Amino acid sequence: MRDYIDAAAFKEMILCADAALQANIQAINDLNVFPVPDGDTGTNMGLTINNAATELRKRDFDNVAAAADCVASAMLRGARGNSGVILSLLFRGIAKRLKGVDTAGTQDFAWAMNDGVEAAYKAVMKPAEGTILTVSRLASAAAGKAAKGGASLEDTLSAAIDAGELALEDTVNQNPVLKKAGVIDAGGKGYMVILKAILASLRGEMSSADQAAPAKEEKKPVFTAENVFVPEVNIFDTVYVVRKRDANVNLLPLRLYLDSIGDSLVINEDDEIFKVHVHTDIPGKALVESQKYGDLDVAKIENMRLQALDMLGGKQPNSTDILDGVERELEGQEDAAEADAQSEEPEEAAPEKEYGVVTVCAGKGLESLFLDLGADQVVTGGQTMNPSTDDILRAVKATPASTVFVFPNNKNIIMAAEQAVPLTEKNVIVMPTKTVPQGISALLNFNPDESEESLVGAMGDAIGKVHTAMITYAARDSDFGGHAIHAGEYLALLDGALIGSYTNIKTLFKELSWAFDDYHPEFITVYYGEDVRAEDANLAAATIEGNFPDAEVSVVEGGQPVYYYMISVE
């Protein structure tokens, strides 16, 4: 039984935690209760901890302090979404407590857990109970009590897990939204997956070398026509190559979609092509979705169930190796891409002006609009694809100004942007824009001749005057606020609140217009997405204009994914 953690043990703990979280991403995502497509908790936490695992694999460490510092730094830069940022803060507090420590004993680690919780709570402006914060706080409190009572390190972690599990189960009673849906908190679930993997690693029950992870919940078995027992899994082993139409295309939305229809997903890419490997029951949909990002070059689809039956029957299973040459070529390209990704930290651009602007958005039209309005850098991201702290930091450093204003334009990106503030010598001011229309309005009120205080005030006032309507689709069946929502229905939201779900888009626009009436709008701007035709957008605008003949109604091609329409009401 271990009573201390050295550098090698700490490294192994995090690698095992990463493996466990990757295996549970979809289960964690499934706990998200709001039906809109979003940057789900499991995905964001998985990307955050995976950044740390990637850095850990590159080197060994002389002491636990160095290993913990590496993890904290990598998680901070790789943090995505609020859940990823909070996870990074939990480990930042741990690293601070273990600074200068060669090996961590039971009390060292218990205190470090507590320091992590304190760091997370301090960073959240309005901490909400029934979340990952609650679960981590009660788990660390139990660890501290056990350590103070003389428990071993393993028993201390076991006590933390027991308390954390009880706290997690109680989150359903602490959050009204969770209680209505009958689910536990997704972030808390992710934290417990990590804590359990850490203990399993210390006990020798789990090894990163074996890529071990908690087993996924097994699907019910089925019986084939030959009455041979075969597990029910995603049937088709699907591998294909797509030639990109845009070298800089963001594949994160595709990754999230493919992960939702299959498993064992791997995507590799270079500037010209990307290769996908996925197990799915619907390979045709995977191919169709991928062709939005380029031209299908070559594909291989094999029925794993039939292959298994052939093997059980003593037959040689059919297979095709037509992609072997492509795979060998990609391996070389992947090595080159990895070398590029590991390039040195970019230097900060020398200030050529007093103020600069970094903004976050997705969609060619919106990107062009922000640049036309004076933004220096545009970070690609938004709903379903939250950029990391490092993505935002690099854009800040590339901006040739001494003071840089950052517009996150999404409530789930604000915390990641705030984590970039202390990582640069530039003066970084994060404006709390929760939507793209708020960011556009703020930038319209950006006057570089004003003082910093006047700019913050003027842009803050502009943000407060913008109401934003979003039209998207229901990503999952849900009972939200007493309203039964079915996957695929149109969803209308106003300032984040659900207006309703509809099967008829015309009905949606009529009811949304009625909701606008409370604001007595003077200016209405309709930004239409990549899946909407210009003529349909103009018809939607005409419907709105008919209800507000005195308002100035504009139509702009935003090209944004996920949202068919984003509508600014001022």
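Residues numbered from 1 in each chain as written. Predicted model: local features only at pLDDT ≥ 70, side-chain atom pairs only at ≥ 80, totals over all residues. Heavy atoms only, no water.

Colleague: So what about empty space enclosed by the protein? Which residues, and what values?
Modeller: Counting across every chain of the model gives 1 cavity of 30 Å³ or more. Of the volumes computed, that of the largest cavity is approximately 90 Å³. Leu 90, Phe 91, Ile 94, Phe 109, Met 113, Tyr 191, Ile 194, Leu 195 and Ile 198 are the residues that line the largest cavity. Among the elements of the structure, α5 (81-97), α6 (106-123) and α10 (186-202) are those that each provide at least two residues to the lining of the largest cavity. Looking at which element gives the most residues to the lining of the largest cavity, the answer is α10, with 4 residues. A breakdown of the residues in the lining of the largest cavity according to their chemical character gives 9 nonpolar, no polar and no charged. (1 Å grid on protein atoms, 1.4 Å probe; cavity = no way out; pocket = protein on both sides within 12 Å on 5 of 7 lines; lining within 4 Å. Points joined across faces, edges and corners; volume = space filled by probe spheres on them. Helix = DSSP H or I, 4+ residues; strand = E, 2+ residues; numbered from the N terminus. Nonpolar A, V, L, I, M, F, W, Y, C, P; charged D, E, K, R; others polar.)

Colleague: Describe in detail the packing of aromatic side chains, supporting the description with residues and values.
Modeller: Going through the model one piece at a time under the given rule, you end up with 6 aromatic pairs. Taken together, a centroid distance of 5.8 Å and an interplanar angle of 75° make the contact between Phe 405 and Phe 446 edge-to-face. One end of the pair, Phe 405, is in strand β11 (residues 401-407); the other, Phe 446, is in the loop between α18 (436-444) and α19 (452-464), with 41 residues separating them in the sequence. For the pair shown, Phe 405 and Phe 446 are each scored as buried. (Phe/Tyr/Trp six-rings, centres within 6.5 Å; stacked < 30°, edge-to-face > 60°. Buried < 20%, exposed > 50% of the residue type's maximum accessible area, 1.4 Å probe, protein only.)

Colleague: A description of the sheet that holds strand β5 (residues 236-244) should follow, citing residues and the corresponding values.
Modeller: The strand order across the open sheet built from 4 strands is β6-β7-β5-β8, with neighbouring strands paired in antiparallel fashion. Each edge of the open sheet is held by one strand with a lone partner, namely β6 (262-269) and β8 (294-303). Direction aside, neighbouring strands of the sheet carry axes that sit 15° apart on average. Where β5 and β8 come together, 9 bridges link them in antiparallel fashion. Bridging across to β8, Lys 244 finds its partner in Gly 294. Along the sheet face, helix α11 (residues 252-261) touches β5, β6 and β7 (273-280) and points at about 155° away from the line of β6. Lying over the sheet, helix α12 (residues 283-290) contacts β5, β7 and β8, oriented at roughly 10° with respect to β5. (Pairing = 2+ DSSP bridges. Axes fitted to C-alpha atoms, helices over the stretch in contact; angles between N-to-C directions. Contact = heavy atoms within 4.5 Å.)

Colleague: Explain the nonpolar core to me, using residue names and the numbers behind them.
Modeller: Counting residues in hydrophobic clusters, the biggest one holds 77 residues, and the most contacted among them are Ile 5, Phe 10 and Tyr 191. In this structure, Phe 10 is in contact with Ile 5, Val 64, Ala 67, Ala 68, Val 71, Leu 98 and Phe 109, ignoring residues within four places of it in sequence. Residues Val 378, Ile 429, Met 431 and Leu 493 belong to the second largest nonpolar core, which totals 28 residues. (Core = buried A, V, L, I, M, F, W, Y, C linked by side-chain atoms within 4.5 Å.)

Colleague: For the environment of Asp 102, give the residues involved together with the corresponding values.
Modeller: Structurally, Asp 102 can be placed in the loop between α5 and β2 (104-105). Separated by 37 residues in the primary sequence, Asp 102 and Ala 65 place their C-alpha atoms 6.4 Å from one another. Setting aside residues up to four positions removed in sequence, Asp 102 forms contacts with Ile 5, Asp 6, Asn 63 and Val 64.

Colleague: Kindly report on the pattern of salt bridges, identifying the contributing residues and their values.
Modeller: Taken as a whole, this structure holds 17 salt bridges when the rule is applied. In this structure, Asp 246 engages Lys 364 in a salt bridge whose closest nitrogen and oxygen atoms are separated by 3.4 Å. On the criterion of sequence distance, the pair formed by Asp 246 in the loop between β5 and α11 and Lys 364 in helix α15 (residues 364-372) is long-range, its members being 118 residues apart. Given the relative accessible area of 27%, Asp 246 is considered partly exposed. Salt bridges here are not isolated pairs; linked through shared partners, they connect Arg 77, Asp 390 and Arg 394. (Salt bridge = Lys/Arg side-chain N within 4 Å of Asp/Glu carboxyl O.)

Colleague: I'd like to hear about the packing of helix α3 (residues 41-56) against helix α4 (residues 64-78), residue by residue, with values.
Modeller: The geometry of α3 relative to α4 is characterised by a closest axis approach of 8 Å and an angle of 135° between their N-to-C directions. Comparing the axis directions of α3 and α4 gives the class oblique. In the packing of α3 onto α4, the handedness of the crossing is right-handed. Of the residues in α4, those in contact with Leu 47, Thr 48, Ile 49, Asn 51, Ala 52, Glu 55 and Leu 56 of α3 are Ala 67, Cys 70, Val 71, Ala 74, Met 75, Arg 77 and Gly 78. (Parallel < 35°, antiparallel > 145°, perpendicular 65-115°, else oblique. Left-handed = near helix turned anticlockwise from the far one by under 90°.)

Colleague: Explain the sheet that holds strand β13 (residues 467-473) to me, using residue names and the numbers behind them.
Modeller: Taken together, 6 strands build an open sheet; the order of strands is β17-β16-β13-β20-β18-β19 and the sheet is mixed. If you trace the sheet from one side to the other, it starts and ends with β17 (497-502) and β19 (552-557), each paired once. Along the sheet, successive strands turn relative to each other by an average axial angle of 15°, direction set aside. With 6 bridges connecting them, strand β18 (residues 523-528) and β19 associate as parallel partners. Paired with Val 526 across the two strands is Val 555, which belongs to β19. Across the sheet, helix α20 (residues 505-516) touches β13, β16 (490-494), β17 and β20 (565-569), and the angle it forms with β16 is around 10°.

Colleague: So what's going on with the packing of α3 against α10? Which residues, and what values?
Modeller: Geometry of a packed helix pair, given as the angle between the helix axes and the separation of the axes. Where α3 meets α10, the axes come as close as 9 Å, and the angle between the chain directions of the two elements is 40°. Once α3 is placed against α10, the crossing between them reads as right-handed. Facing Thr 41, Met 45 and Ile 49 of α3, the residues of α10 in contact are Ala 186, Gly 187, Gly 190, Tyr 191 and Ile 194. In terms of residue class, the contact of α3 with α10 is made up of 5 nonpolar, 3 polar and no charged.

Colleague: Tell me about the side chain of Thr 171, residues and numbers included.
Modeller: Position of Thr 171 among the secondary structure elements: in helix α8 (residues 153-174). On the basis of relative accessible area, Thr 171 is assigned to the buried category, the value being 0%. Looking at Thr 171, its side chain comes within polar contact range of the main-chain oxygen of Leu 168, at 2.6 Å. Apart from residues lying up to four places away in sequence, Thr 171 is in contact with Gly 130, Thr 131, Val 135, Leu 178, Ile 184 and Asp 185. (Polar contact = N/O pair within 3.5 Å; in protein donor to acceptor, adjacent residues only side chain to side chain.)

Colleague: Please give an account of the confidence of the model for the protein chain that cites residues and values.
Modeller: With 86% of its residues at a pLDDT of 70 or more, the protein chain has an overall mean of 85. Taken together, the stretch residues 320-328 has pLDDT below 50 and engages in 12 contacts with residues farther than four places along the chain or on a different chain. A low-confidence stretch, residues 334-343 stays under pLDDT 50, and its non-local contacts, those more than four residues away or across chains, total 3 contacts. (pLDDT = per-residue confidence, 0-100.)

Colleague: Just give me the short version of the pairing of β11, but keep the residues and values in it.
Modeller: Buried residues dominate β11, accounting for 6 of its 7 residues. Two strands pair when backbone bridges link them, and strand β9 (residues 353-361) and β11 are joined in this way by 6 bridges, in the parallel orientation. The partner of Tyr 355 across the bridge, within β11, is Thr 403. In this sheet, strand β12 (residues 427-430) lies alongside β11 in parallel orientation, the contact comprising 4 bridges. Pairing of Val 404 across the sheet is with Val 428, part of β12.

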